[in-house]
Amino acid sequence: MSEAPSGARPGVPALTTNGLPALTDDAASATASPARGKEMKNTLLHKLRPPSLTHVWDFWHDRQDRVPKPAGAGCEQQPQAGEDESSNYEDRLVLLHSITDVSQFWKVHNNFDLAKLKLRDTIHLFHHSVKPVWEDPRNVKGGAWTFRVPKDKAAWFWREICMLAIGEALQGAVDNSNKRLTFIDDICGISYSVRFNSILITIWNRDCENQEGIDRLKQTVLESLPDELQLPERSYYYKKHSEHAGFRNPS
């Protein structure tokens, strides 16, 4: 058995002349070997990666002036969330990006200028594979809270709702498994729609019969917003998708 260096105690790392602990054989080997050093770097970078989100989310853009497909060439005409008029809504949808972690969310969010959205344009942040249309199979029996937000506060309000969505706080609000009436409820997505005097920010849930979840969803939003973003009660409402005049039951 080799003896400890002079002046060192067993189990205590030896010190260099500048008072720092001496490198172990493994550490010294790693720094001397480019391959080992690269492996150590990759391991550290992997550990520093932003954590994955619980769900994959898709950013969509509905541009009002996008040219629709010719008649008979595509989807059924559908109105926007919160509107009762009909147009080739699904034809106007374009998938912008899918996000799996917080870093990707901020990359898209910070590079999308909300101020450049035109009147009646909408952006959506939805669970992956769920289209932001009422008749999507995961939306058809649901509804949405709509918040009419002043334009000067809309970007801030939207950011807060996005954080509640990807952080699963909205999901937690509707997740009352003991009282679900139809099926497992969940948050389908959120929307930001430009209107003349305000911005409509909408939160879609899957089960319009889950009244407790619907009430808790509103409570969660209002309790999470700072005082500057609180809205008068007349500025928000819940509505079933099937109650819109433009809703077309898939059955």
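Residues numbered from 1 in each chain as written. Predicted model: local features only at pLDDT ≥ 70, side-chain atom pairs only at ≥ 80, totals over all residues. Heavy atoms only, no water.

Caption draft 1: Representation of the environment of Thr 202 in the model. Assignment of secondary structure puts Thr 202 in strand β6 (residues 199–205). Thr 202 sits in the buried class, given a relative accessible area of 3%. Not counting residues within four places of it along the chain, the set of residues in contact with Thr 202 comprises Ala 144, Trp 145, Thr 146, Gly 189, Ile 190 and Ser 191. (Helix = DSSP H or I, 4+ residues; strand = E, 2+ residues; numbered from the N terminus. Buried < 20%, exposed > 50% of the residue type's maximum accessible area, 1.4 Å probe, protein only. Contact = heavy atoms within 4.5 Å.)

Caption draft 2: Representation of the pairing of strand β5 (residues 187–194). Most of β5 is tucked away: 8 of the 8 residues are buried. Judged from the 7 bridges that link them, β5 and β6 form a sheet pairing that is antiparallel. Opposite Tyr 192, over in β6, you have Ile 201 as the bridge partner. Hairpin connection between β5 and β6: a loop of 4 residues separates the two successive antiparallel strands. (Pairing = 2+ DSSP bridges.)

Caption draft 3: Structural context of the pattern of salt bridges. Throughout the structure, instances matching the rule amount to 4 salt bridges. Between Arg 216 and Glu 212 there is a salt bridge, with its nearest N and O atoms 3.8 Å apart. With a gap of 4 residues between them, Arg 216 and Glu 212 both fall in helix α6 (residues 211–224), about one helical turn apart. On the accessibility criterion, Arg 216 (28% relative accessible area) is partly exposed. Residue class for Glu 212 comes out partly exposed when judged on its relative accessible area of 30%. (Salt bridge = Lys/Arg side-chain N within 4 Å of Asp/Glu carboxyl O.)

Caption draft 4: Region of interest: the sheet that holds β6. What the 7 strands build is an open sheet, ordered β2-β1-β3-β5-β6-β4-β7; its pairing is antiparallel. Across the chains shown, the open sheet's two edge strands, defined by having one partner strand only, are β2 (93–101) and β7 (236–240). Adjacent strand axes in the sheet meet at a mean angle of 20 degrees when their direction is disregarded. Alignment of strand β1 (residues 52–62) against strand β3 (residues 122–127), held across 6 bridges, turns out to be antiparallel. Bridge pairing in β3 links Phe 59 to Leu 125. Across the sheet, helix α3 (residues 102–110) touches β1, β2 and β3, and the angle it forms with β2 is around 145 degrees. (Axes fitted to C-alpha atoms, helices over the stretch in contact; angles between N-to-C directions.)

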